[in-house]
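# Breakdown of the fold
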Amino acid sequence: MLTLKQIQDGRDEVIERLKIKNFDATAIVDQIIELDNQRKLTQTESEALQAEMNKISKSVGQLIQKGDINAANEARERTAGLKEQIKDLSSTLVSVERELLDLLVQLPNLPHQSVPSGKSAEDNLKVKEGGKMPELKDALPHWELAKKYKLIDFELGVKLTGAGFPVYKGKGAKLQRALINFFLEEACAAGYEEVLPPLMVNEDSAYGTGQLPDKEGQMYHVGIDNLYLIPTAEVPVTNIYRDVILSAEQFPVKNCAYSACFRREAGSYGKDVRGLNRLHQFDKVEIVQVAKPEDSYKILDQMVAHVQSLVDKLELPCRILRLCGGDMSFTSALTYDFEVFSAAQERWLEVSSVSNFESFQANRLKLRYRDADGGKPQLAHTLNGSALALPRIMAAILENNQTPEGIKIPRVLQPFCGFDIIK
RNA sequence: GGAGAGUUGGCCGAGUGGUCGAAGGCGCACGCCUGGAAAGUGUGUAAACCUCAAAAGGGUUUCGAGAGUUCGAAUCUCUCACUCUCCGCCA
């Protein structure tokens, strides 16, 4: 969430920049400013009374010790009215603060200067395209290949759990595991420290990264223990740094994590979600960094470069998009999407999303750092990216590498799989 | 799941109603000492918010969380969460 300071000091800028996200913030911003001013007045008043109260209480103690009971009782009588007033003021303070927070969490992050305006995915800006486009005739979609070679059993998943929970089998399972290992090894080689996080998080964590309060419908909820299945490893990994004050020498903070990811994503069906295109449970390797504000965009570029190297090594045709305001997530300041081309479906599939959240998540997380020269802690920047999401990569590998002899495994994966072709 | 013990500052740990943001120690920072280092020694050592043009200064809050008793709560009462120990169960 945005800081009150950002809003108070830059009202017009906030409103202007949120227009890029097609968000009309005027009413909310003005309400926030008004409420914040009210909050300050109330707080000042309430604290003055409390100071008065504390003084009296102290004097009562002193008078009793001196044995001056009459004076003590006199002082004691003066507190009754004060007490009432303090109670009233602090309860209005609490309700004003709650209202303020309710409004603050409604404001999306400010988009970076370079974010193009636009309404939908159509308006995203293609910044790069690379790799060799496959030229295949009569290519089979991956769900048919999966059946033909007994790699993934979608029906069995339905029996065990429901739609969107495929069962990987044989070489399909091995290929999946190979991809996970490949991605983790690459991330570690790039200096990311590996973590294996819990797959469920509590409310505080879900709130910290912004899944709550608005998007609880997207997560599976375990009611009996009030825990949420993670939609991405970003949630537990970023929350490692909740309520943390980092010191200057701890940077760079780089973590990678493999996790299963769970998404309810209710309500969309059709050919776009067939096979592996959209699942309720899938595997992903995530990279996360915490950065000083002055470094965060340089780091975003590094993360983009890392993801690109993965796609290149897998020999997949790929394009990188800078998302337009309308297509960006609520929390992001700048996002690059990676899409790979899938030969049989003849469409681009999103396989990674790399974002800088600036201080938007850090503010909720209370993630701060202290510069080498001391001084007050200030909000850090957080970034993350998929490196990579597995199912669509799997889909593209299967579809693009199909040959009459079988499906060829990209060279970099062969040591991880132990085979070079699926027949 | 059953029984018991606990939760205090970066860490350890004292504190059972009043001047306690909190003794003491460790750690850390800076200084002194030293040829240099260790030891020793001195000083300092939280966060958030409000006030202030800013700094200084002042104020409020924070001793697991929330509520209560009281003029006054780390300290008393209640609720909840978590941790540890023992027993049971278990990959």
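Just so we're clear, the structure is a prediction, and the values are computed from it rather than from any experiment.

### Section: the overall build of chain A
Each helix and strand counted, chain A has 13 helices and 19 strands in total. In terms of its C-alpha atoms, chain A occupies a principal-axis envelope of roughly 100 × 45 × 45 Å. Residues counted as buried form 49% of the 423 residues belonging to chain A. Measuring between centres, the 52 positive side-chain charges of chain A sit 5 Å from its 59 negative side-chain charges.

### Some points on the protein's contact with RNA strand B
Around RNA strand B there are 22 residues in total, and Arg39, Gln43, Thr44, Ser57 and Gln65 lie nearest to it. Atoms of RNA strand B within 4 Å of the protein: sugar and phosphate make up 68%, bases the balance. Note that a base nitrogen of RNA strand B is positioned 2.6 Å from one of the backbone N or O atoms of serine 57. At the level of secondary structure, the elements contributing two or more residues to the surface near RNA strand B comprise helix H3 (26–66), helix H4 (69–104), strand E14 (368–371) and strand E15 (374–379). With 15 residues, the single largest contributor to the surface near RNA strand B is H3. Split into classes, the residues belonging to the surface near RNA strand B amount to 5 nonpolar, 9 polar and 8 charged.

### Regarding the pairing of strand E13 (residues 347–356)
In summary, the side chains of a regular strand alternate between the two faces of the sheet. The element E13 is extensively covered by neighbouring structure, given that 7 of its 10 residues are classed as buried. Sheet topology places strand E12 (residues 334–342) next to E13; 9 bridges connect them, and they run antiparallel. Directly across from leucine 334, in E13, lies its bridge partner asparagine 356. Note that E13 and strand E16 (residues 381–389) share 3 bridges and pair antiparallel. Opposite serine 355, over in E16, you have asparagine 384 as the bridge partner.

### Here we look at the packing of aromatic side chains
Tallied over the full model, the rule gives 6 aromatic pairs. An angle of 55° between the planes, with centres 6.4 Å apart, marks the rings of phenylalanine 165 and tyrosine 220 as tilted. In this pair, phenylalanine 165 sits in the loop between helix H6 (154–160) and strand E3 (167–168) while tyrosine 220 sits in the loop between helix H8 (203–208) and strand E6 (221–222), placing the two residues 55 residues apart along the sequence. Ring geometry for phenylalanine 330 versus phenylalanine 360: centroids 6.0 Å apart, planes at 75°, classification edge-to-face. One end of the pair, phenylalanine 330, is in the loop between strand E11 (318–322) and E12; the other, phenylalanine 360, is in helix H11 (residues 360–365), with 30 residues separating them in the sequence. Among the residues examined, phenylalanine 330 registers a relative accessible area of 24% and is labelled partly exposed. On the accessibility criterion, phenylalanine 360 (3% relative accessible area) is buried.

### Here's the deal with the layout of surface pockets
In this model, the largest pocket occupies a volume close to 1,500 Å³. Lining the largest pocket are 48 residues, with Arg263, Glu265, Asp337, Glu350 and Ser353 sitting closest to its centre. Within the residue set of the lining of the largest pocket, elements represented by two or more residues are strand E10 (281–291), E11, E12, E13, E16 and helix H12 (390–400). Taken together, the residues of the lining of the largest pocket sort by class into 16 nonpolar, 16 polar and 16 charged.

### Remarks on the sheet that holds strand E18 (residues 406–408)
Spatial strand order, E17-E18-E19: 3 strands in an open sheet with antiparallel pairing. Pairing within the sheet leaves two strands with one partner each, and these edge strands are strand E17 (402–403) and strand E19 (421–422). Pairing of E18 with E19 involves 2 bridges; the strand directions are antiparallel. For lysine 408, the partnering residue across the bridge sits in E19 and is isoleucine 421.

### Details of the packing of H3 against H4
Axis separation between H3 and H4 bottoms out at 8 Å; the angle between their running directions is 160°. Taken together, the axis directions place H3 and H4 in an arrangement best described as roughly antiparallel. As for the relative orientation of H3 and H4, their crossing is left-handed in sense. Broken down by class, the residue content of the contact of H3 with H4 amounts to 20 nonpolar, 10 polar and 9 charged.

### What to know about the domain arrangement of chain A
Looking at chain A, the domain boundaries give domain 1 (4–104) and domain 2 (121–422). Centre-to-centre separation of domain 1 and domain 2, based on C-alpha positions: 43 Å. Listed per partner, the contact involves 4 residues of domain 1 and 7 residues of domain 2. Of the roughly 410 Å² buried between domain 1 and domain 2, counting both surfaces, carbon and sulfur atoms make up 41%. Counting the contacts that link domain 1 with domain 2 gives 0 salt bridges. Linking domain 1 to domain 2 there are 3 residue pairs in polar contact (both at pLDDT 80 or more). Taken together, the residues that form the side of domain 1 that touches domain 2 break down as 2 nonpolar, 1 polar and 1 charged.

### Examining the packing of helix H7 (residues 170–189) against helix H10 (residues 296–313)
Angle between the axes and distance between the axes are the two parameters that describe a pair of packed helices. Packing of H7 against H10 brings their axes to within 11 Å, and their N-to-C directions diverge by 140°. When the axis of H7 is compared with that of H10, the two are oblique. Once H7 is placed against H10, the crossing between them reads as right-handed. Where H7 approaches H10, its residues Phe182, Phe183, Glu186 and Ala187 are matched on the opposing element by His306, Leu310 and Lys313. Looking at the contact of H7 with H10, its residues break down into 4 nonpolar, 1 polar and 2 charged.

### Overview of a positive patch on the surface
A surface patch of positive charge is lined by Lys171, Lys174, Arg177 and Lys423. By the element assignment, arginine 177 lies in helix H7.

Parameters and conventions
- Residues numbered from 1 in each chain as written.
- Chains lettered and ligands numbered in written order.
- Predicted model: local features only at pLDDT ≥ 70, side-chain atom pairs only at ≥ 80, totals over all residues.
- Heavy atoms only, no water.
- Helix = DSSP H or I, 4+ residues; strand = E, 2+ residues; numbered from the N terminus.
- Buried < 20%, exposed > 50% of the residue type's maximum accessible area, 1.4 Å probe, protein only.
- Lys, Arg positive; Asp, Glu negative; His and termini not counted.
- Charge placed at Lys NZ, Arg CZ, Asp CG, Glu CD.
- Near = heavy atom within 4 Å.
- Polar contact = N/O pair within 3.5 Å; in protein donor to acceptor, adjacent residues only side chain to side chain.
- Nonpolar A, V, L, I, M, F, W, Y, C, P; charged D, E, K, R; others polar.
- Pairing = 2+ DSSP bridges.
- Phe/Tyr/Trp six-rings, centres within 6.5 Å; stacked < 30°, edge-to-face > 60°.
- 1 Å grid on protein atoms, 1.4 Å probe; cavity = no way out; pocket = protein on both sides within 12 Å on 5 of 7 lines; lining within 4 Å.
- Points joined across faces, edges and corners; volume = space filled by probe spheres on them.
- Axes fitted to C-alpha atoms, helices over the stretch in contact; angles between N-to-C directions.
- Parallel < 35°, antiparallel > 145°, perpendicular 65-115°, else oblique.
- Left-handed = near helix turned anticlockwise from the far one by under 90°.
- Domains from an automatic or database assignment.
- Contact = heavy atoms within 4.5 Å.
- Buried area = accessible area lost by both parts, 1.4 Å probe.
- Salt bridge = Lys/Arg side-chain N within 4 Å of Asp/Glu carboxyl O.
- Patch = residues over 30% accessible without salt bridge, like charges linked within 9 Å, V, L, I, M, F, W, Y side chains within 5 Å.
- Areas by Shrake-Rupley, 256 points an atom, 1.4 Å probe, with all protein chains shown as cover.

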